[in-house]
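Given next are the chains, with one letter for each unit.
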Amino acid sequence: MTENNLINEQKSTILTIYEALFCLFIIFAPITNAMTEFTFMGFTVTTVLLLLIIAFWVICLLMEKIHSRNFVLLVLLFFGIELFRLYLKAKGIQIVFISLIMLYVAALSLPSCFSKKKICASFYVSAIISAFFTLIYGYSGSSVSRSATYVDGSISIFVIAIFLFAKEHDECGALYKFIRYVAFASCFIITMFGMSRSRLLLIVLMFLIVIINEIRKFLMNGVVKAYIFFLIPLAIILIYIVLSLDIVQELLSQLSTRFDDGFESSGRDAENEVALKLFNKSKFFGMGWGDIYFVNYDRSTVPFHNHSMYLAILARGGLFMAFAFLLSLGSLVIEVIKSKKVFCIVCLSLLLLLGYGNAGIFNYTICSSLILLTVFLRGDEVEPEEQNRKFRSSVNG
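Rules behind the numbers
- Residues numbered from 1 in each chain as written.
- Predicted model: local features only at pLDDT ≥ 70, side-chain atom pairs only at ≥ 80, totals over all residues.
- Heavy atoms only, no water.
- Helix = DSSP H or I, 4+ residues; strand = E, 2+ residues; numbered from the N terminus.
- Buried < 20%, exposed > 50% of the residue type's maximum accessible area, 1.4 Å probe, protein only.
- Contact = heavy atoms within 4.5 Å.
- pLDDT = per-residue confidence, 0-100.
- Axes fitted to C-alpha atoms, helices over the stretch in contact; angles between N-to-C directions.
- Parallel < 35°, antiparallel > 145°, perpendicular 65-115°, else oblique.
- Nonpolar A, V, L, I, M, F, W, Y, C, P; charged D, E, K, R; others polar.
- Left-handed = near helix turned anticlockwise from the far one by under 90°.
- Salt bridge = Lys/Arg side-chain N within 4 Å of Asp/Glu carboxyl O.

### Description of the environment of Leu372
Then comes step 1: Looking at the secondary structure, you find Leu372 in helix α14 (residues 364-377).
Then comes step 2: On the basis of relative accessible area, Leu372 is assigned to the buried category, the value being 0%.
Then comes step 3: Distance from Leu372 to Ala107, taken between C-alpha atoms, is 8.5 Å for residues 265 residues apart in sequence.
Then comes step 4: If we ignore the near neighbours within four places in the chain, the residues touching Leu372 are Ile119, Cys120, Phe123, Ile162, Phe343 and Cys347.

Laid out in structure tokens, this is it:
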């Protein structure tokens, strides 16, 4: 083997490992809290993220195949300046923020050779595993309880979006299709036990979009696909059976009580007020990226959890970081709109909406959706042979 071929082989191995790390992160991100003590051959969710970031810098330095777009380098530069400033002031810094900002940069700078099928499969597997842990923490055999503390229900939003809007190969194989449908069903388990009002609303909106689109097609063409006549009565029967189950009745009862106050949340409202107060104390640089505690509405001292991405950026990074993120997210919005890809528009919309109440890029699962968005934004799905050619092209440069 020539020296050039050996180098290319090493680069190919690095890219394969890099892609695998992204897939592992996607799979385990939603169950980070459920598996706080989780280890498998010495690996934890945080370890996977650390290795992913190391691999990102290896590729940047050795392969020069990273295509940085959407002002991500500006975000990285401004964040680095803020960290250096905090270091000089001897203020604490939470490592998780460094990791997530790096993940944000890496996710928007993916090599073009990444496989959509593998990324989508990772989301499907993640949903199935998340449903398993949801049942462990949410169902005791005699009663049900909210599982959102342990399992991030955002995974269900993105898997349903993939199922309804993403264009995948028909020639995926029976096993892949089986996993796809099991993951879709798993999303409803996650959503119901998670008892999140906002996620439930987003799922309903996605289904309404699909229904309205199908009605539009019917009115324009006057043609109805044959399988619709089979699916509608089948869906009605399945819904009737599911709704008659005692566990579903109890879930619906508990979920309905969460709507007593509409979409208000005393804890998050109090945190949002604190975020604005923190911003007013230091409007330009913010209050930093360390531990922040405040007195909650119930007079308990609790940590600031950054539930709103937008307010968290202002509170922690001030206008300085807000400017960098505004340029980055704004350019991403423009790029997605120009692509005219329905799934990319849906995916980005979900990310921005979830960013208001679920921390956005400061949330593992929601940040992993950027990986999904970037892969689909690269271009249309290609045949496996063409995908392999693109992979070799990325290696050879």
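### As for the confidence of the model for the protein
Then comes step 1: In the predicted model, the protein carries a mean pLDDT of 82, and 84% of its residues have values of at least 70.
Then comes step 2: Across residues 380-388, where pLDDT falls below 50, the model places 14 contacts with residues more than four positions away in sequence or in other chains.

### Looking at the environment of Val346
Then comes step 1: Here Val346 shows up in helix α13 (residues 342-357).
Then comes step 2: On the basis of relative accessible area, Val346 is assigned to the buried category, the value being 14%.
Then comes step 3: Put simply, Val346 and Ile162 are 184 residues apart on the chain and 9.4 Å apart in space, counted from C-alpha to C-alpha.
Then comes step 4: Beyond its immediate sequence surroundings of up to four residues, Val346 is in contact with Ala161, Phe165 and Met206.

### Quick word on the environment of Phe207
Then comes step 1: Considering the arrangement of structural elements, one finds Phe207 in helix α8 (residues 197-221).
Then comes step 2: Separated by 46 residues in the primary sequence, Phe207 and Ala161 place their C-alpha atoms 9.3 Å from one another.
Then comes step 3: Not counting residues within four places of it along the chain, the set of residues in contact with Phe207 comprises Ile160, Leu164, Phe184 and Phe188.

### A few points about the packing of helix α3 (residues 72-88) against helix α12 (residues 309-339)
Then comes step 1: Between α3 and α12, the least distance of the axes is 8 Å, while the angle of their chain directions is 170°. Classified by the angle between their axes, α3 and α12 sit roughly antiparallel to one another. Contacts between α3 and α12 involve Val72, Leu74, Val75, Phe78, Phe79, Ile81 and Glu82 from the first element and Arg316, Gly317, Phe320, Met321, Phe323, Ala324, Phe325, Leu327 and Ser328 from the second.
Then comes step 2: The class makeup of the residues in the contact of α3 with α12 is twelve nonpolar, two polar and two charged.

### Notes on the packing of α12 against α13
Then comes step 1: Running from N to C, α12 and α13 point in directions that differ by 165°, and their axes come no closer than 11 Å. One way to sum up the angle between α12 and α13 is to call them roughly antiparallel. Handedness of the crossing formed by α12 with α13: left-handed. From α12, Met309, Tyr310, Leu332, Val333, Val336 and Ser339 reach across to α13, where they touch Cys344, Ile345, Leu348, Leu352, Gly355 and Tyr356.
Then comes step 2: Of the residues assigned to the contact of α12 with α13, the class counts are ten nonpolar, two polar and no charged.

### Topic: the pattern of salt bridges
Then comes step 1: Applying the stated rule across the entire model yields two salt bridges.
Then comes step 2: Put simply, Glu19 and Lys118 hold a salt bridge, and the shortest N to O gap is 3.4 Å. With Glu19 in helix α1 (residues 3-28) and Lys118 in helix α5 (residues 116-138), this pair connects stretches of sequence that are 99 residues apart.
Then comes step 3: For Arg199, the salt bridge identified is with Asp152, shortest N-O distance 3.3 Å. With Arg199 in helix α8 and Asp152 in the loop between α5 and α6 (154-165), this pair connects stretches of sequence that are 47 residues apart.
Then comes step 4: When its relative accessible area of 9% is taken as the criterion, Arg199 is described as buried.

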